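Chain residues, written in single-letter form:
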Amino acid sequence: MRDRVSHRSTLFRESVIREMTRLCQRHGGVNLAQGFPDFPAPEVLKEAAARAIHADVNQYAITWGAKSLRDALAAKTAHFTGLVHDPETEMTVCCGSTECMISTLMAVVNPGEEVIVFEPFYENYGPDAILCGATPRFVRLREPDWTFDPAELEAAFSNRTKAIVINTPNNPTGKVFTREELEQVASLCRRWDVVAVTDEIYEHILYDGARHVALATLEGMKERTVTISGVSKTYGVTGWRIGYCIAPPALTSAIRKVHDFLTVGAPAPLQEAAAVALSLPDDYYQRLARDYQARRDALVPALEASGFRTFTPRGAYYVMTDITSFGYADDVSFARYLVEEGGVAAVPGSSFYADPNDGRQRLRFHFARRRETLEAAAERLGRLKARSPAR
Ligand SMILES: Cc1ncc(COP(=O)(O)O)c(C=O)c1O
């Protein structure tokens, strides 16, 4: 009998992150697995969304995004980076930055061409590469501060390289790429004529004075960079599914075509509300970073006290941990134990590595949670060590 399903669809598995959320719901656990807030979205955004629905902005928006949102994105980008982009030819609004990434890779990469990805990586990039037929080439971010070896990066580039995916601030490590590191990436992109695809969805979530450097601001990069971001993390509305990519006109028109036939467009009334979000004053972003830093500073010591070794993040809202002291053979069985017996869900580290063995003693927690939720998690984690049987 013929296979009912495509070969392609068998090359990757269901998302481990989303699976952990379902498992957590089944066990009534505290979900520190899938990264989304459990606190309310800003009132002003909810009002703007309701207003748009009542004003009957309920039909398809322009395929590549409502003008109000693209204009707001152009103004915000100029404000934060100094880069001037044309909202008519250089911006595409998609269903989340998730769709931005797959639309971009489909628009840029031919089957068989290589895409460089820093590892550990946000798990979507693996299937994204497979879906567009690309061959991923991994470059390792090394503990404890997740730096890469410039020689390893250089060796990953060749005539086969079509694109490189960067994610800063980074999920899962919390690394914020420095200007110097990004200069190394940029110089190789220029030398090999490679497109840089940069996922900057955590651009405003930074700690301890870390600064976000937008890759497109580096010399010669604006014309070869696709910058991806969205409202999910910055404004705490992951369910709205609004993301955007900024790219030079030729890349943008290819991305818009793929996007059009994948989804037609992102939710119209929520695009209007997203335009309001992008126009919020600077102090919104300062408060956002401050609040997340307080959450980080609540969770990290609790993890340390419970037996995890932590890699303190400088950005984004995740913390990678080392679970060696618990004596489990692998991260997946420990994650199961943690949610079933400990009542806390986290993500097995192996889901961020091409070779699962590389993440066998790692677990990722997120802290986009109310103080009470983090306290409940800390209390449950505190009971762990005594109960965890050494295996
Ligand atoms: C690095 C990174 N990119 C993209 C996404 C998904 O973003 P969106 O909700 O805009 O699709 C996430 C979500 O966790 C993420 O961590």
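About the thresholds
- Residues numbered from 1 in each chain as written.
- Predicted model: local features only at pLDDT ≥ 70, side-chain atom pairs only at ≥ 80, totals over all residues.
- Heavy atoms only, no water.
- Helix = DSSP H or I, 4+ residues; strand = E, 2+ residues; numbered from the N terminus.
- Buried < 20%, exposed > 50% of the residue type's maximum accessible area, 1.4 Å probe, protein only.
- Polar contact = N/O pair within 3.5 Å; in protein donor to acceptor, adjacent residues only side chain to side chain.
- Contact = heavy atoms within 4.5 Å.
- Phe/Tyr/Trp six-rings, centres within 6.5 Å; stacked < 30°, edge-to-face > 60°.
- Lys NZ or Arg CZ within 6 Å of the ring centre and 35° of its normal.
- Near = heavy atom within 4 Å.
- Areas by Shrake-Rupley, 256 points an atom, 1.4 Å probe, with all protein chains shown as cover.
- Axes fitted to C-alpha atoms, helices over the stretch in contact; angles between N-to-C directions.
- Left-handed = near helix turned anticlockwise from the far one by under 90°.
- Nonpolar A, V, L, I, M, F, W, Y, C, P; charged D, E, K, R; others polar.
- Pairing = 2+ DSSP bridges.

Comments concerning the side chain of Arg-296
Logical step 1: Mapping Arg-296 onto the fold places it in helix α11 (residues 282-305).
Logical step 2: The class for Arg-296 is buried, based on a relative accessible area of 4%.
Logical step 3: Side-chain polar atoms of Arg-296 contact the backbone oxygen of Pro-313, separated by 2.9 Å.
Logical step 4: Excluding residues that lie within four positions of it along the chain, Arg-296 makes contacts with Tyr-207, Asp-208, Pro-301, Thr-312, Pro-313 and Phe-367.

Digging into the packing of aromatic side chains
Logical step 1: By the definition in use, this model includes 23 aromatic pairs.
Logical step 2: An angle of 70° between the planes, with centres 5.3 Å apart, marks the rings of Trp-146 and Phe-311 as edge-to-face. With Trp-146 in the loop between β4 (135-140) and α6 (150-156) and Phe-311 in strand β9 (residues 309-311), this pair connects stretches of sequence that are 165 residues apart. The same class applies to Trp-146 as to Phe-311, namely buried.
Logical step 3: The lysine or arginine in question, Arg-369, covers the ring of Phe-36, its NZ or CZ lying 4.9 Å from the ring centre.

Focus on the site of the ligand
Logical step 1: Neighbouring the ligand are 14 residues, the closest being Thr-98, Asp-199, Tyr-202, Ser-232 and Arg-241.
Logical step 2: Contacts to the ligand include Asp-199, whose side-chain N or O atom sits 2.6 Å from a nitrogen atom.
Logical step 3: Look at the ligand: alone it shows 400 Å² of surface, and the protein chains cover 93% of it.
Logical step 4: At the level of secondary structure, the elements contributing two or more residues to the shell around the ligand comprise α4 (96-108) and α8 (231-234).
Logical step 5: Sort the elements by how many residues they give to the shell around the ligand and α4 lands first, with three residues.

Some thoughts on the packing of helix α2 (residues 43-54) against helix α10 (residues 268-278)
Two quantities define a packed helix pair, namely the angle between the axes and the distance from one axis to the other.
Logical step 1: Packing of α2 against α10 leaves a shortest axis separation of 8 Å and a crossing angle of 145°. At the point where α2 passes α10, the crossing takes the right-handed sense. Along the contact surface, α2 presents Val-44, Leu-45, Ala-48, Ala-49, Ala-52 and Ile-53, while α10 presents Pro-269, Leu-270, Glu-272, Ala-273, Val-276 and Ala-277.
Logical step 2: Its residues assigned to classes, the contact of α2 with α10 comprises 11 nonpolar, no polar and one charged.

Details of the sheet that holds strand β10 (residues 318-322)
Logical step 1: The antiparallel open sheet is built from four strands, whose spatial order is β9-β10-β13-β12. On the outer flanks of this sheet lie β9 and β12 (347-348), each paired with one strand and no other.
Logical step 2: Here five bridges tie β10 to strand β13 (residues 362-366), and the two strands are oriented antiparallel to one another. Residue pairing in the sheet places Asp-322 in a bridge with Arg-362 of β13.

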